[in-house]
Structures are given as C-alpha cells and as structure tokens.
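So you can see what is in the structure, the chains are spelled out below.
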Amino acid sequence: MDASNQPLLDVSDLSVAFGRALAVDGISFSIKRGECVALVGESGSGKSVSALSVLKLLPYPAASHPTGAIRFRGRDLLTASDQEMREVRGNDISIIFQEPMTSLNPLQTIETQIGEILSLHRGIGGSAARARTLELLRQVGIPEPETRLQSYPHQLSGGQRQRVMIAMALANDPDLLIADEPTTALDVTVQAQILALLAEIRARLGMSLLFITHDLGIVRRIADTVCVMNNGKIVEQGPVEQVFTAPQHAYTKALLAAEPKPDPAPPQPDAPVVMSADNLKVWFPIKRGLLRSTVGHIKAVDGVSLAVRKGETLGVVGESGSGKTTLGLALLRLISSDGPIVFLGNDIQGLRFKQMRPFRRDMQIVFQDPFGSLSPRMSIADIIAEGLEVHQKQLSREEREARVVKALKDVGLDPEWRFRYPHEFSGGQRQRISIARAVVLEPNFIVLDEPTSALDMLFQAQMVDLLRDLQRKRDLTYMFISHDLRVVASLASHLIVMKSGKVEEEGPASVLFKTPKSDYTRALFAAAFRLEADGDGAVAT
C-alpha cells in the first residue's frame, strides 16, 4: 500500500486492563490525515482510556495492554521508548484533557504555562513567545487576552480554563489532536467558536482529530466517522450520517433517543424565600507594578439581585466568564462579596466562619470540576460521609454507612464501589459522586454548577429525572448553573441570563425561552437550539 494512503493513526485490537479488569476490550479504528473520528458512549465506556493509551499516559504498570497495537505513521507507539514518546507528545500528537483545573499548574500564570510549551518544543521565547501566546488566546475566544496573561488558573472561569488548555494543545500545530471532552465546560456561543476554530485548523494544516464527547450534536457537526463505545467495546462505527440516520445497534438507538424531558417544578408564589440577594457585587482587583497597586477591577458580579423560593429551580445561564459560578459561590459565602445575602430569613453576609457553620448543612454545592473537588486520598464512602460526620454527629457508623449506600443508589452508582478512590472513576462517575455528597445531607438549597456537563446523554436524562424527583420529594430549592440550555429548560421555572457580571434579562423560564427580548439572549438561545428569530423577536424552530 502507498504510504500516502495509509492512516495516520491505526488502532488494532487494543485492550486495556487494570489488574484483571478490562476497561477496553479489543477495539479497532483508524484515522486518516485530516479526518475527524469521534468516540462516543456513556461514562465509563472506555473512551478516555482508549485516548490516553495513544500517548501512553495511563498509570503504568497498573495499566497494561493484553492485546493490540497503536501505529502512528506506521510506528507502534506501545513499543516506543520513553524518549521517543517525549518527542511525539506535544509535537506530533497533542491532547486536550477533560478537566483543565487538574491539568494546569496552579502556581504559574497562563503566559508562563503556554510559553513553556513554546520554549520546550520550538525554542521560542521573549517577545515572540508573548505574541504567539496572545494570538492563541485570541483564537480560542478569550476576550482582552492582554489582561489575562498574568492570571492564574483559579482566577479564570471553568470555560476560560478549558480555552487555555485548547490554546496550549494547538501551540505547536500538531498532526493529530486528541480532544477529550474539549467543549464540556464551554457555553454554546464559545463552543461554536471552538468547533469552527478546530475545523479551520484541520483545513489549514491537514490536522487529524480524535474527538471524545458525549454531546451527539457536536459529533454530527464536526466528525467524519463515529465509533460508539459501550462497556469497553466498539459496538458500532461508520460514517456519521449513516450511524445517525440508520443506527444498527440497540445501544446506539438508545443513545440517540436520550434527551431530558422538560418538566420543571411549577413556581409557588406564596412559598417562602429561601435565598435572596440585593445588589450583590464581587469585584476582583487588578494589581500591577512593583508595589502591586490596584489599577482596576474585574467585575465578576456587578449589582445582581435575586430571590429563590422554596421548591423552585432558578436557572442561571450565560457565556463563560459572565459571573454565573461566582454568583453561586458568593451566595454560599464561599468567596467575599458586598451586598445583603439572606438565607432562610437570616442575613448571613457578615457572619464569621463559626457563625456560618449551622447554615452549612442546609446549603450545598455540586462543583463544576468533580475531580478537583474530591480528595484523592479519601475513599468514596469517606467523601460522601464527611458531611454527615460534621453536621450529624448523632448518627452511628451503621446509620452513616446506610445513608452513603442510599445516596450512591440514588445517583446510579454501585454501592460496592464505595471503597474505591476518585481516580478509579470516569469523569461522569465522579460527577455522580459529587451529587451524592451534596444530597446525602438533605439540604434546603443546592447550587448545581454545571452538574451534567461531564455526563453522557443517557445519564443526563437520568440525572435530570433524579434531581427533579429529589426536589419534589424533599421540597428542595436549586440554583441551576449551566451552559446547556436544553437541560436548564427541563428543570428551571425561573431564569436569569447573565452577561459581564450583570443580569441581562430575567423572568419565568417558559416565557423567556419563547420570547427573549435582549439581542444577547436571542443569540444565546439561537446558538443552543439552532433557532431563528422571527419578525416579532420571538424565537421559533
């Protein structure tokens, strides 16, 4: 066969084992030059493990390959030396990881981290490195990149951190880019920008793409070939249009049919207000110069007022960096803010740490990054039971364990797994653990910060049903922060649209989704639902 017709990457009969357990069982697929192949399937199906095997990034020798070969340009990477793999990684093959907070160095600025890649692989430094860094940040849609060069990862939103990861992966124009859920943390408008960027780079450089995602809409938009994985095996593969229009396997059919059903809890006007804020502000100082003088502020939340009633779900949507997560953290008193915050009739804004403790049981949060919020040194049972040990000390050990088992069952995890550690779970499974930790205390108010972003379509629908069921049984109150407007529409009865730290528009979700008034809101909804505005300003399919 002519070398020019050979695939760039050829995975043949690949198996991955952790001890005696097979995570990947004899999969085969290939990627041609300039082609995009998507791996889809539910959490734990083996998608990420397969991708990490390409660059030999699994925890060896705990992981092994009983069978298979991974040939890149004809060279089997599984038999390559460490030195050969160092030359491949970053130069020929780059990867965008699923969880940016665990991949970025918390002690280095964004400029330093991108500059390190340019220096290591291309020998670029100084002003040239800064210019290239700014170019990359602009390409991935970070506004005013000059103001972000000296930012640390914790100072960026989840979506902005993911964009930085994409910039780092694209820095050396690789031949093959492995993208492991690269748009999970991004809002719909930036998601469209990133997909367009990847398509443009593929066309310009002839770059190949291995795209891992649970979002079937993205697969249809970007991929040429799709491989559907279930329980470590590829159950179906072929051209995207063929698989989407005429799926053959029962699992593929179920995956394509899965979608959250709109059924938000109806608002009760006479229900008591659980959480409220008035003119809430969170401003982060911008410091420059030798003396680190404050020269301005990043107004992450700028004068937001809201009220959430008992049993209601308040949806908060907007682009990455609009202040959604910061608003949730401020309401829970997890970051400093200005302005009254009233929880269950108590003004909690000025309370100290010990004074806040009695309220902590009744307010919980599910963080956007499940791996960063789970202690790697604690078992799942200990993580979920920790809140019970602090807030419900009267429970016996047996009672705590029973509560942990029930919480795991509620979120669809096998209770027998409770003695495992976070690194032994997929990203979606870790998010389920985070939800179990929040609901085990049966709180009054839960901030859900992108709780379904790491979940596949099947479990997204299940999780929405679970959250709705828990809400109705326990009269829970949610603040639901998400860029996935379809999921928001299925849960939220009231909606706030944020832009640049301010409330752009708000109102009953059923009204706002049908007749948005702001141009920004209409653009946001159109990007999510692929809708067009009619002459009256309404949004219709």
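Note that the structure is a prediction, hence the values are computed from the model and not measured. (Residues numbered from 1 in each chain as written. Predicted model: local features only at pLDDT ≥ 70, side-chain atom pairs only at ≥ 80, totals over all residues. Heavy atoms only, no water.)

**Observations regarding the sheet that holds strand E12 (residues 273-288)**
1) Next: Spatial strand order, E13-E12-E15-E16: 4 strands in an open sheet with antiparallel pairing. Both outer strands of the open sheet, strand E13 (293-309) and strand E16 (346-347), are each paired with one neighbouring strand and no more.
2) Next: Alignment of E12 against E13, held across 13 bridges, turns out to be antiparallel. Residue pairing for E13: tryptophan 283 is matched across the bridge by lysine 299.
3) Next: Running over the sheet, helix H11 (residues 324-331) touches E12, E13 and strand E15 (341-343) and is turned about 115 degrees from E12. (Pairing = 2+ DSSP bridges. Helix = DSSP H or I, 4+ residues; strand = E, 2+ residues; numbered from the N terminus. Contact = heavy atoms within 4.5 Å. Axes fitted to C-alpha atoms, helices over the stretch in contact; angles between N-to-C directions.)

**With respect to the packing of aromatic side chains**
1) Next: Counted by the stated rule, this structure contains 4 aromatic pairs.
2) Next: Taking the centre distance of 6.3 Å and the plane angle of 70 degrees together, the rings of phenylalanine 343 and phenylalanine 359 count as edge-to-face. Of the two residues, phenylalanine 343 is situated in strand E15 and phenylalanine 359 in helix H12 (residues 353-360); the sequence distance between them amounts to 16 residues.
3) Next: Judged by relative accessible area, which is 0%, phenylalanine 343 ranks as buried.
4) Next: By relative accessible area, which is 17% here, phenylalanine 359 ends up buried. (Phe/Tyr/Trp six-rings, centres within 6.5 Å; stacked < 30°, edge-to-face > 60°. Buried < 20%, exposed > 50% of the residue type's maximum accessible area, 1.4 Å probe, protein only.)

**Notes on the packing of helix H4 (residues 110-122) against helix H6 (residues 158-170)**
1) Next: It is the contact of H4 with H6, at a shortest axis distance of 9 Å, that shows an interaxial angle of 20 degrees. One way to sum up the angle between H4 and H6 is to call them roughly parallel. H4 and H6 meet at a crossing whose hand is right-handed. From H4, Ile110, Gln113, Ile114 and Ile117 reach across to H6, where they touch Val164, Ala167 and Met168.
2) Next: In the contact of H4 with H6, the residues fall into 6 nonpolar, 1 polar and no charged. (Parallel < 35°, antiparallel > 145°, perpendicular 65-115°, else oblique. Left-handed = near helix turned anticlockwise from the far one by under 90°. Nonpolar A, V, L, I, M, F, W, Y, C, P; charged D, E, K, R; others polar.)

**Quick notes on the sheet that holds strand E17 (residues 363-366)**
1) Next: Taken in spatial order, the 6 strands of this open sheet run E17-E18-E19-E14-E20-E21, and their pairing is mixed. The outermost strands of the open sheet, each flanked by one partner alone, are E17 and strand E21 (502-508). Strand-to-strand twist across the sheet, computed as the mean angle between neighbouring axes with direction ignored, equals 15 degrees.
2) Next: Pairing of strand E18 (residues 445-449) with strand E19 (residues 477-481) involves 5 bridges; the strand directions are parallel. Note on E19: the bridge partner recorded for leucine 448 is phenylalanine 480.

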